[in-house]
Amino acid sequence: MTRPRTLFDKIWDAHIVCELNETTSLLYVDLHLVHEVTSPQAFEGLRLASRTVRRPDLTFATVDHNVPTTPNPWIIDDAIARRQVEALRRNCADFGIPLFDIAAPEQGIVHVIGPELGLTLPGATIVCGDSHTSTHGAFGALAFGIGTSEVEHVLATQCLPQRKPANMRVRVRGTLPRGVGAKDLALGVIGQIGADGAAGHVLEYTGEAIAALSMEARMTLCNMSIEAGSRAAMVAPDATTFAYVEGRRFAPKGEAWRRAMDRCARWSTWDWKRASRWKTWRLIASSSARARMRAWKICARPRA
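Right, let's walk through the structure included here. (Residues numbered from 1 in each chain as written. Predicted model: local features only at pLDDT ≥ 70, side-chain atom pairs only at ≥ 80, totals over all residues. Heavy atoms only, no water.)

Section: the packing of helix α2 (residues 40-48) against helix α5 (residues 148-157)
Where α2 meets α5, the axes come as close as 8 Å, and the angle between the chain directions of the two elements is 50 degrees. By the angle between their directions, the pair α2 and α5 is classed as oblique. Judged by the sense of rotation from one axis to the other, the crossing of α2 with α5 is right-handed. Every residue of α5 that contacts α2 at Q41, A42, F43, G45 and L46 is listed here: T148, V151, E152, L155 and A156. (Axes fitted to C-alpha atoms, helices over the stretch in contact; angles between N-to-C directions. Helix = DSSP H or I, 4+ residues; strand = E, 2+ residues; numbered from the N terminus. Parallel < 35°, antiparallel > 145°, perpendicular 65-115°, else oblique. Left-handed = near helix turned anticlockwise from the far one by under 90°. Contact = heavy atoms within 4.5 Å.)

Structure, rendered in structure tokens:
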């Protein structure tokens, strides 16, 4: 009998290039998202080592953190922010990386443009120099933030050495009360397990309350899961996921889409029932009319 594997396990195993040692694997990266704050030193490292970007076709950049919300976003008063944006433009031009600049219709929050453009796909490995890269896990992807030196490593090799985190399931049963959304759900989880309760783990959200969430709500939930200390967070892809992705600019089309749907069958199932050694938290969302956003029934017990 094969060992039981979760969604996270299956994606991790499928992306192992080689085992570096007993605790560390070299993982292949399907999508690398870049922004102006954590990338300047990484690109400079490439120049100093006379290296190129290994897969510019799997690398996408956008200006994000330093874009003003004023009527004229082209005018950036802060000198450091302005230099970071200018450096990203120069680096993308020098290394052949697509850039969604301030005036581009595709420009936006780095965690949002991936899903909006169909770059974020189920079963993919996704990294970005930002801790809230876990947002993409809402689509059944393994997505996590990396540091600047790791950004340089992925740019140069399209791979990344990683120690495998542990598994943790959060099962949310029932129906969320009226007025309770994904943010409240995330805060409820954090309130139960603590701000470091998921440290060293990848969270997998399951249960009927999760299945009922929109893709935007799932993105919010996975985004905020980092505040519990998790390395990443995931929701298994389903019909809601596929309906959101289909037809978007970079999503597979035609026969490629049909093949992708067939492959997704391996990502959308997991074996938590037999995986009793993994930590599980059960949350029961109360539908009581008296429930409030901060006072809905939660039952949480870690399994031994």
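Structural notes on the sheet that holds strand β3 (residues 31-34)
Strand order in the open sheet formed by 5 strands is β5-β4-β3-β6-β7, with parallel pairing between adjacent strands. The sheet is open, and its two borders are formed by β5 (99-100) and β7 (142-145), each paired with just one other strand. Note that strand β4 (residues 59-62) and β5 share 2 bridges and pair parallel. Bridging across to β5, A61 finds its partner in L99. (Pairing = 2+ DSSP bridges.)

Re the sheet that holds strand β2 (residues 24-28)
Spatially, β1-β2-β8 is the arrangement adopted by the 3 strands of the open sheet, whose pairing is antiparallel. Taken across any chain shown, the strands that pair with only one partner, and hence form the sheet edges, are β1 (16-19) and β8 (159-163). Looking at each pair of strands side by side, their axes are set apart by 30 degrees on average, direction ignored. Examined bridge by bridge, β1 and β2 share 3 bridges and lie antiparallel to one another. Bridged to C18 within β2 is L26. Strand contacts of helix α1 (residues 7-14): β1, β2 and β8, with the helix running at about 80 degrees to β1, the strand carrying the most contacts. α5 rests against β2 and β8 of the sheet, and its axis sits at about 135 degrees to β8.

So, the packing of aromatic side chains
Per the stated rule, a full pass over the model turns up 5 aromatic pairs. Taken together, a centroid distance of 6.3 Å and an interplanar angle of 20 degrees make the contact between F60 and F100 stacked. Note that F60 is positioned in strand β4 and F100 in strand β5, a separation of 40 residues in sequence. Pair check on accessibility: F60 and F100 agree, each one buried. In textbook terms, an aromatic cluster arises when at least three aromatic residues are bridged by ring pairs, as seen for F60, F100 and F250. Here R248 stacks its cationic end above the ring of Y244, 3.9 Å away from the centre of that ring. (Phe/Tyr/Trp six-rings, centres within 6.5 Å; stacked < 30°, edge-to-face > 60°. Buried < 20%, exposed > 50% of the residue type's maximum accessible area, 1.4 Å probe, protein only. Lys NZ or Arg CZ within 6 Å of the ring centre and 35° of its normal.)

Remarks on unusual backbone geometry
The phi dihedral of S50 is positive, around 55 degrees, even though this residue is not glycine. Mapped onto the secondary structure, S50 falls in the loop between α2 and β4. Residue class for S50 comes out exposed when judged on its relative accessible area of 68%. At Q158, a position not held by glycine, the phi torsion is positive, near 65 degrees.

Some words on the environment of E106
With respect to the helices and strands, the residue E106 is situated in the loop between β5 and α4 (110-117). Among residues more than four places away in sequence, those in contact with E106 are F100, I113, L117 and R249.

Points about the nonpolar core
Grouped together as the largest cluster of nonpolar side chains are 35 residues, with contacts concentrated most on F43, I97, L142 and L155. Broken down by secondary-structure element, the contributors of at least two residues to this core are α1, α2, α3 (79-95), β7, α5 and β11 (232-235). Tallying contributions element by element places α3 first for this core, with 5 residues. Discounting chain neighbours no more than four positions away, the residues touching L142 are F8, I11, W12, A124, T125, I126, A232 and M234. (Core = buried A, V, L, I, M, F, W, Y, C linked by side-chain atoms within 4.5 Å.)

The values are spatial; any link to function lies outside them.
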